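Here is how the chains run, residue by residue.
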Amino acid sequence: MVGRFTVPRISPSEITPESVYLNRRQLMRSAGAVLSATALGAASSSAAAVTGGEALDYASARSGQGFSTDEDKTPLGDVTSYNNFYEFGTDKGDPVDHAHEMTTDPWTVEVSGLVNKPGKLHLEDILGGFDLQERIYRLRCVEAWSMVIPWVGFPLAELLKRFEPTGDARFVEFRTLYRRAEMRGTRSFTSIIDWPYREGLRLDEAMHPLTLMAVGLYGKTLPNQNGAPLRLVVPWKYGFKSIKSIVGIRLLDSQPATSWQTLAPSEYGFYANVNPRVDHPRWSQKYERRLPNSLFDPNRIPTRMFNGYAEQVAHLYKGMDLSRFY
Amino acid sequence: MRGRAIRWGVFILCLTPFLMLAWRAATGALGADPAKTLMLQTGEWSLRFLVLTLLVSPLRQWTGWALVMRMRRMIGLYAFFYACIHLASFGHFYIGWSATILAEELVERPYVTVGFVAWLLLLPLAVTSTRGWQRRLRRHWQRLHRLIYPAAVLACLHLLWQARSDIGEALVYIVMVGALLAWRWRRSRLWHARSRVAATRAAHT
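Quantities reported herein were computed from a predicted structural model and do not represent experimental measurements.

### Comments concerning the overall build of chain A
The helix and strand tally for chain A stands at 11 helices and 12 strands. Within chain A, the fraction of its 326 residues that count as buried is 55%. Long-range pairs, those at least 24 residues apart, make up 73% of the contacts in chain A between residues at least 6 apart in sequence. Within the structure as shown, chain A displays about 14100 Å² of accessible surface, and the carbon and sulfur contribution to it stands at 54%.

So this is what it looks like as structure tokens:
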């Protein structure tokens with residue numbers, strides 16, 4: 001089983017130069033878009049991006065152990081049109097408009113660092129190589145809004161085990177795709193983010209059963225704006241930890257530098273656990289606006305410690321001063 | 001007669017962003033987080049109208065149109081109008097009209113304080129915008145209404161402070177407000193220099 005992921009295999013990217021096949025895919029997609037636009041009249045690319053995605057085979061959400069909440073789910077249209085994915089622009093509406101410019105097939109994730117079997121995962125391995133399950137999680141953004149999203153994915157632990165982390169590995173670093181030609185946000189000359197976007201977890205956090213590698217939501221493969229084809233979901237941490245469109249996973253013996261923490265260390269910590277008692281300089285973290293809301297019902301609810309997953313994860317931080325390690 | 005028609009036209013034009021927001025709110029087209037959309041949009045329109053208000057005097061000088069001067073009050077009041085909706089949305093959606101949370105926000109989040117002070121500076125300007133007050137305050141009126149300068153600077157700071165990774169948008173407003181204030185500073189220097197020359201001449205004759 002393990003061999004399947006370490007044996008070198010010939011992927012299209014090794015035969016054809018990247019720019020060539022990306023262009024070819026782009027052309028094919030544009031051709032398709034033209035056709036469907038002709039068929040549907042005024043269908044916009046963003047509308048297609050919202051409804052797109054292939055059906056996935058997965059086990060339904062299991063209750064208990066925090067794997068699933070029965071709170072009202074945030075509708076698909078809101079989940080796919082209100083996103084923070086700064087590679088496509090800083091406005092919440094930018095990703096749905098521009099993320100379709102990103103090529104997600106072919107896709108390769110490189111697993112490296114302190115592992116016995118470094119190697120690569122290709123899109124087929126990601127979608128077909130793991131038993132998929134549904135997890136209905138709360139997602140709490142550091143900006144004090146939240147959603148409830150039915151993800152489809154597999155525990156990150158399963159992926160990591162295949163590459164056999166060594167005894168020295170204590171942290172995991174993740175890296176998002178950085179492709180300027182397809183990501184207009186990264187071309188903004190007033191942006192102060194040092195691309196590519198990076199995130200990290202402690203190894204025990206990464207191996208926790210709640211930590212999910214999502215490949216889909218609402219039963220279908222992820223729309224680009226939600227981090228296709230593979231993203232992290234860590235439900236007890238602020239949303240920015242749940243890094244999207246991952247191309248690199250590296251195991252390390254020391255804590256990696258992460259994007260937001262590097263940018264503003266006084267605002268964003270490495271841990272970034274949801275914590276109503278530790279305020280962010282920009283937003284009070286005591287309450288959250290559960291989306292969708294309406295002007296007549298702001299849907300303001302109190303934020304829970306570890307986003308309501310304290311029972312499952314509090315033991316990971318025993319004895320730590322969480323106002324210092326925020 | 002023509003002036004009146006133009007003024008009505010501008011009035012409707014300035015109200016259009018509000019009407020469009022109201023329409024989107026009524027049809028549920030404000031997105032997943034309508035409260036935030038309303039906040040961002042009204043805040044931005046308030047700043048745009050502040051810039052437009054500051055643009056009136058230079059425009060008058062460059063083009064010679066007397067009519068623009070007569071629009072200034074209306075445009076300025078619109079800046080205040082959008083600032084009020086902005087503030088009310090914050091009060092309603094973000095802090096639920098809680099005085100305790102407001103106090104906490106003002107202390108802990110300087111960008112909130114700065115925005116609130118900008119609104120406070122605009123408040124007396126809106127109140128004294130009538131002809132009656134203009135007459136009553138006489139030359140003090142003009143001095144009082146220079147409060148729009150710090151208000152515009154604070155509004156820019158309010159925006160800049162909230163930029164997380166991209167300061168592009170804030171920079172656009174900072175450059176515009178900066179240029180409009182620099183124009184005034186230069187004008188007042190020229191004016192002082194000219195009156196000094198006139199005074200010297202008067203003394204010599």
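### Observations regarding a nonpolar patch on the surface
All names here are of chain B. A cluster of nonpolar side chains, namely Leu120, Leu123, Val127 and Trp133, defines an oily patch on the protein surface of about 310 Å² accessible area. If one sorts the elements of the nonpolar patch by residue count, helix 5 (residues 110-127) sits on top with three residues. Tracing the sequence through the fold places leucine 123 in helix 5.

### As for the UniProt feature "domain: Oxidoreductase molybdopterin-binding" (unreviewed entry) in chain A
As annotated by UniProt and renumbered to match this structure, "domain: Oxidoreductase molybdopterin-binding" (unreviewed entry) occupies residues 102-260 of chain A. Segment residues 102-260 of chain A splits into 13% helix and 36% strand. End C-alpha atoms: 23 Å apart.

### Looking at the UniProt feature "domain: Ferric oxidoreductase" (unreviewed entry) in chain B
In this structure's numbering, the residues bearing the UniProt feature "domain: Ferric oxidoreductase" (unreviewed entry) are residues 42-156 of chain B. Note that residues 42-156 of chain B is 88% helix and 0% strand, and that its end C-alpha atoms are spaced 14 Å apart.

### A closer look at the pattern of salt bridges
For the structure on display, the rule yields 23 salt bridges over all chains. One salt bridge connects glutamate 44 of chain B with arginine 48 of chain B, and the closest N-O pair in it is separated by 2.5 Å. Separated by four residues within a single helix, glutamate 44 of chain B and arginine 48 of chain B lie in helix 2 (residues 34-63), roughly one turn from each other. Note on glutamate 44 of chain B: relative accessible area 24%, which makes it partly exposed. Classification of arginine 48 of chain B as partly exposed rests on a relative accessible area of 27%. Members of the salt-bridge network, linked through shared partners, are Asp279 and Lys286 of chain A together with Glu104, Glu105, Glu108 and Arg109 of chain B.

### With respect to the interface of chain A and chain B
Contact residues are listed per partner, giving 32 residues for chain A and 29 residues for chain B. Summed over both partners, the interface of chain A with chain B comes to about 2400 Å²; 49% of that surface belongs to carbon and sulfur atoms. Between the two partners, chain A and chain B, sit five salt bridges. A salt bridge links glutamate 143 of chain A to lysine 36 of chain B; the shortest N-O distance between them is 3.8 Å. On inspection of chain A and its partner chain B, the count reaches 20 residue pairs in polar contact (both at pLDDT 80 or more). Across the side of chain A that touches chain B, the residue classes tally to 16 nonpolar, eight polar and eight charged.

### A short note on the pairing of strand 4 (residues 145-155) of chain A
If a strand is regular, its side chains alternate between the two faces of the sheet. All names here are of chain A. The element strand 4 is largely enclosed, with a buried count of 11 among its 11 residues. Between strand 3 (residues 133-140) and the antiparallel strand that follows it, strand 4, lie four residues; alanine 144 among them carries a positive phi value of about 75 degrees. Pairing between strand 4 and strand 11 (residues 287-290): two bridges, direction parallel. Residue serine 146 lies in a different strand from strand 11, and its bridge partner there is arginine 290. Bridge count between strand 4 and strand 7 (residues 212-217): five bridges; the pairing is antiparallel. Bridge pairing in strand 7 places valine 152 opposite glycine 216.

Rules behind the numbers
Residues numbered from 1 in each chain as written. Chains lettered and ligands numbered in written order. Predicted model: local features only at pLDDT ≥ 70, side-chain atom pairs only at ≥ 80, totals over all residues. Heavy atoms only, no water. Helix = DSSP H or I, 4+ residues; strand = E, 2+ residues; numbered from the N terminus. Buried < 20%, exposed > 50% of the residue type's maximum accessible area, 1.4 Å probe, protein only. Contact = heavy atoms within 4.5 Å. Areas by Shrake-Rupley, 256 points an atom, 1.4 Å probe, with all protein chains shown as cover. Patch = residues over 30% accessible without salt bridge, like charges linked within 9 Å, V, L, I, M, F, W, Y side chains within 5 Å. Salt bridge = Lys/Arg side-chain N within 4 Å of Asp/Glu carboxyl O. UniProt positions renumbered as here; feature names shortened; annotations may be inferred. Buried area = accessible area lost by both parts, 1.4 Å probe. Polar contact = N/O pair within 3.5 Å; in protein donor to acceptor, adjacent residues only side chain to side chain. Nonpolar A, V, L, I, M, F, W, Y, C, P; charged D, E, K, R; others polar. Pairing = 2+ DSSP bridges.

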